[in-house]
Amino acid sequence: MAEPLRIAYSPCPNDTFVFHAWAHGRVPGAEAPEVLFADIDVTNGLAERGELELLKVSYGALPWLLDEYALLPCGGALGRGCGPLVLTRPEDAAGDLTGKVVAVPSERSTAYLLFRLWAAKAVPGGLGRIVVLPFHEIMPAVRDGRVDAGLVIHEARFTYQQYGLVKLADMGEAWEAETGLPIPLGAIIAKRSLGAARLRELAAAIRASVTAAWADPDASREYVLAHAQEMDPAVADQHIALYVNEFSAELGEEGYAAVRGLLERAAAEGLVPAVAPEALAFP
């Protein structure tokens, strides 16, 4: 008997909402996969080591992954008004980040690339030290003065005021103002060695799972909240509404343009290796 497909995605509401139907055998003709829950920095590392067949990773990590993995055209997270935020304490909000210590969730992430692209213009004196922390530890670290500022993602958009923090800058606003494109955050990738036919089957299963989630959002609610790390249900709903959208069902021309735009700008700044346009094409 063949081993089940192994996949990894985060316990965040957008991922559990998107993958609920497939993970629970509710997509006709698609066997339920074996799921590993892990934060994005962990899944990026798993993909770099080639340890799983299908993963949710950061678009910012793609330049190191596309030799072995193909980008799937659905299931990921792109959008508008959903960019990472740079947070600081109120007493530091009037200053800039020149020479400051900034906590980030990963150095191979869209959030980090957007931050560095923004800082190249907004912090001409240069940043200080970058510290990588799990995303749920960043706001406490800023609040407690262990770092000067933090780059946050996910539901932190809705909860940072609870930590007494203020927004210094919105990376998504800067990106959208410059490019007019949506923000490419999380990508779904699968091993090229599975073959083109199997990759198309997987994309179809993910697309069907997204459609099922929209058709019956209550079906996934228990699953979403069970993995939402004690998140308030209202915040989980906001999270899903923000990150699950038309790009989750199909990247489309605009989605691919956003991904190319991010990687081309990052490569021009020397932040990532250059990616050939054909490397992003779906088989």
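Details of the structure are given in the entry above.
All values reported here derive from a predicted model rather than from experimental measurement.

A. Layout of the overall build of the chain. If you tally the helices and strands in the chain, you get 11 helices and 11 strands. Its C-alpha atoms give the chain a radius of gyration of 18 Å, within 12% of the compact-globule value 19 Å for 283 residues. By principal-axis analysis of the C-alpha atoms, the chain measures approximately 60 × 40 × 30 Å. When the 283 residues of the chain are sorted by exposure, 54% land in the buried category. Pairs at least 24 apart in sequence give 79% of the contacts found in the chain among residues at least 6 apart. For the chain, the exposed surface amounts to about 11,900 Å²; the carbon and sulfur share of it is 50%. Looking at charge distribution, the chain has the averaged site of its 23 positive side-chain charges lying 3 Å from that of its 37 negative ones.

B. Layout of the sheet that holds strand β8 (residues 130–132). With respect to topology, five strands assemble into an open sheet ordered β8-β7-β9-β6-β10, the strand pairing being mixed. The sheet is open, and its two borders are formed by β8 and β10 (166–170), each paired with just one other strand. Each adjacent strand pair in this sheet contributes to an overall mean axis angle of 30°, direction not counted. One ladder, built from three bridges, connects strand β7 (residues 102–104) with β8; its direction is parallel. Bridged to Val102 within β8 is Ile130. This element, helix α4 (residues 135–143), spans β6 (85–88), β7 and β9 (149–152) of the sheet and lies at about 160° to β9.

C. Local environment of the nonpolar core. Counting 55 residues, the largest nonpolar core has Leu55, Tyr59, Leu62 and Phe115 as the members making the most contacts within it. What Leu55 contacts, discounting residues up to four positions off in sequence, is Ala8, Thr43, Leu46, Ala47, Tyr69, Ala187, Ile188 and Ile189. Grouped together as the second largest cluster of nonpolar side chains are 28 residues, Tyr9, Leu72, Ala203 and Val244 included.

D. Fine view of helix α2 (residues 40–48). All of the buried residues along α2 are Ile40, Thr43, Asn44, Gly45, Leu46 and Ala47. Structurally, α2 contributes buried residues whose contacts are with β1 (6–9), β2 (34–37), β3 (54–58), β4 (69–71) and β11 (183–191). Of the residues one or two after α2, Gly50 is the one with positive phi, at around 65°.

E. Structural context of the pattern of salt bridges. Using the criterion set out here, one finds 16 salt bridges in the structure. Its salt-bridge partner being Glu176, residue Arg80 comes within 3.8 Å of it at the nearest N-O pair. Remark: Glu176 occurs in helix α6 (residues 171–179) and Arg80 occurs in the loop between β5 (77–79) and β6; sequence separation between them is 96 residues. Here Arg143 and Asp144 are joined by a salt bridge, their closest N and O atoms 2.9 Å apart. Of the residues examined, Arg143 reaches a relative accessible area of 41% and is grouped as partly exposed.

F. Highlighting the packing of helix α3 (residues 110–122) against helix α11 (residues 252–268). Direction vectors running N to C along α3 and α11 enclose 55°, while the axes themselves pass 10 Å from each other. Between α3 and α11, the crossing angle belongs to the class labelled oblique. α11 is crossed by α3, and the crossing has left-handed handedness. Taken together, the residues of α11 that come into contact with α3 (itself represented by Thr110, Leu113, Leu114 and Leu117) are Leu262, Arg265 and Ala266. When the residues that make up the contact of α3 with α11 are grouped by side-chain class, the tally is five nonpolar, one polar and one charged.

G. A look at the pairing of β2. Relative to β2, β1 runs parallel, the two sharing four bridges. Within β2, the position partnered with Arg6 by the bridge is Glu34. What joins β1 to β2 is helix α1 (residues 13–23), and the crossover it makes is right-handed.

Criteria and cut-off values
Residues numbered from 1 in each chain as written. Predicted model: local features only at pLDDT ≥ 70, side-chain atom pairs only at ≥ 80, totals over all residues. Heavy atoms only, no water. Helix = DSSP H or I, 4+ residues; strand = E, 2+ residues; numbered from the N terminus. Rg over C-alpha atoms; globule rule 2.2 N^0.38 Å. Buried < 20%, exposed > 50% of the residue type's maximum accessible area, 1.4 Å probe, protein only. Contact = heavy atoms within 4.5 Å. Areas by Shrake-Rupley, 256 points an atom, 1.4 Å probe, with all protein chains shown as cover. Lys, Arg positive; Asp, Glu negative; His and termini not counted. Charge placed at Lys NZ, Arg CZ, Asp CG, Glu CD. Pairing = 2+ DSSP bridges. Axes fitted to C-alpha atoms, helices over the stretch in contact; angles between N-to-C directions. Core = buried A, V, L, I, M, F, W, Y, C linked by side-chain atoms within 4.5 Å. Salt bridge = Lys/Arg side-chain N within 4 Å of Asp/Glu carboxyl O. Parallel < 35°, antiparallel > 145°, perpendicular 65-115°, else oblique. Left-handed = near helix turned anticlockwise from the far one by under 90°. Nonpolar A, V, L, I, M, F, W, Y, C, P; charged D, E, K, R; others polar. Right-handed = clockwise from strand over helix to strand, strands pointing away.

Remember that the coordinates give geometry; whether it matters functionally is a separate question.
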